[in-house]
Amino acid sequence: MITQEQIPTVLDHPVYDTDGNKIGDARHVFLDDATGQPEWVSVKTGLFGTSESFVPIRDASIVEDHLEVPYPKNTVKDAPNVDVDAGGHLSEDEEHRLYEHYGIDWDAAWQQANQPGAGGWAQTDTGERAHTDTSETTDMSRSAETGVGGDDAMTRSEERMHVGAERREVGRARLRKYVVTEDVQQTVPVRREEVRVEREPITDENRDAALSGPDISEAEHEVTLHEERPVAETETVPVERVRMTTDERTDEETVRGKVRKEKIDTEGIDEDRRDR
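Residues numbered from 1 in each chain as written. Predicted model: local features only at pLDDT ≥ 70, side-chain atom pairs only at ≥ 80, totals over all residues. Heavy atoms only, no water.

Draft legend 1. Broad picture of the nonpolar core. Trp40, Val41, Val55, Leu67 and Val69 are the most contacted members of the largest nonpolar core, which has 27 residues in total. At the level of elements, helix 1 (7–10), strand 2 (22–32), strand 3 (38–45), strand 4 (51–56) and helix 3 (92–101) are the ones that each hand at least two residues to this core. When residues in this core are grouped by element, the largest group, five residues, is from strand 2. Ignoring sequence-local partners within four residues, the contact set of Val41 consists of Val10, Ala26, His28, Val29, Ser53, Phe54, Val55, Ile57 and Leu67. (Core = buried A, V, L, I, M, F, W, Y, C linked by side-chain atoms within 4.5 Å. Buried < 20%, exposed > 50% of the residue type's maximum accessible area, 1.4 Å probe, protein only. Helix = DSSP H or I, 4+ residues; strand = E, 2+ residues; numbered from the N terminus. Contact = heavy atoms within 4.5 Å.)

Laid out in C-alpha cells, this is it:
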C-alpha cells in the first residue's frame with residue numbers, strides 16, 4: 001500500500017503494469033476522505049499524454065523509480081472517464097463505476113475502511129452505510145497546488161498543446177524480375193558460288209595445251225559450288241544493376257486543436273486603486 005509520505009515519489013513518475021508495460025505518468029493522487037490513505041492515482045495516457053485514467057493504488061507498489069499496479073495496461077486505458085477538474089473530488093457514483101470496472105467489491109472495500117481505527121465511513125443506527133461527504137476521495141496533488149491550508153494565492157492554469165509526429169507504414173515497393181521474349185531482326189551479307197562457262201579460242205599460246213590429249217575423246221569435269229547461310233546464336237551478358245533506395249522529404253502540415261485556460265476576475269476591488 002502506498003502511504004501519504006510516498007506521494008511525492010509517485011507524482012510525475014512512470015506507471016507500469018505487472019508485465020512491464022508503461023501505462024503513462026502519474027498525474028494526481030486521490031486520498032480517501034474516510035481513511036486519509038491514498039486510494040486512486042490518475043495516469044496520463046494516450047498520444048502525448050492527452051488522456052487521464054484512474055487506477056486503484058491500494059495494491060500498488062513502488063519499484064525503483066516507478067509505480068507498479070496489478071492491472072493490465074489495456075484495463076487502465078479503458079477505465080471510465082472521470083472529470084479530474086471537478087473540484088478535486090471523486091463522487092460516490094464515480095467510485096462505484098471505477099470499482100466495478102476493476103472488479104473490486106464495493107461493500108468489501110467499505111467494510112475494510114470501516115474497521116476500528118481505519119477512519120471509517122458513517123453508519124446509521126441500522127448498520128447501513130450513510131451517504132456523506134466522507135464517501136468521496138480528495139485529490140492530494142490538487143490540494144498542494146492550489147494552496148489549501150492558509151495560502152491566499154490563487155493558481156491560474158492553462159492547457160498547452162504538444163505536437164509531434166508518429167511514423168506509420170503507408171505502402172510497400174518491391175523489385176520483381178521476369179523474362180520476356182522479343183523478336184530481333186538483323187541483316188547479314190551471305191555469299192554463294194555460281195558456275196560461269198568461259199570459252200577461249202585456240203591461239204599460238206595455248207595450242208600445245210589444247211592438242212596434248214587424244215584427237216577425239218570423251219571427258220568430264222566437276223566443280224564443287226559453295227554458299228553461305230545465316231546462323232544465329234545467343235549469349236547472356238549482364239547489362240545493369242538495379243536497386244531500390246528511399247529518399248526522405250519533409251513537408252509541413254498544420255495541426256489545429258483547442259486548449260483551455262483559466263482567467264481570474266476580481267470583485268469588490270476599486271479599479272482606480274488596483275491600477276495604482
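Let's pick the thread back up.
Draft legend 2. Expanded view of the pattern of salt bridges. As enumerated under the stated definition, the model contains 13 salt bridges in all. Where Arg58 meets Glu39, a salt bridge forms, and the shortest distance between an N and an O atom there is 2.6 Å. In this pair, Arg58 sits in the loop between strand 4 and strand 5 (61–63) while Glu39 sits in strand 3, placing the two residues 19 residues apart along the sequence. For the pair Arg58 and Glu39, one class covers both residues: buried. Salt bridges here are not isolated pairs; linked through shared partners, they connect Arg156, Glu158, Arg160 and Lys261. (Salt bridge = Lys/Arg side-chain N within 4 Å of Asp/Glu carboxyl O.)

Draft legend 3. Focus on helix 3. The complete set of buried residues in helix 3 reads Glu92, Glu94, Glu95, Leu98 and Tyr99. Buried residues of helix 3 fall within an arc of 155° about the axis and therefore sit on the same side. Counted as exposed and oriented over 90 degrees from the buried face of helix 3: Asp93 and Glu100. Immediately downstream of helix 3, the backbone of Gly103 shows phi near 70°, a positive value. (Arc of directions from axis to C-beta.)

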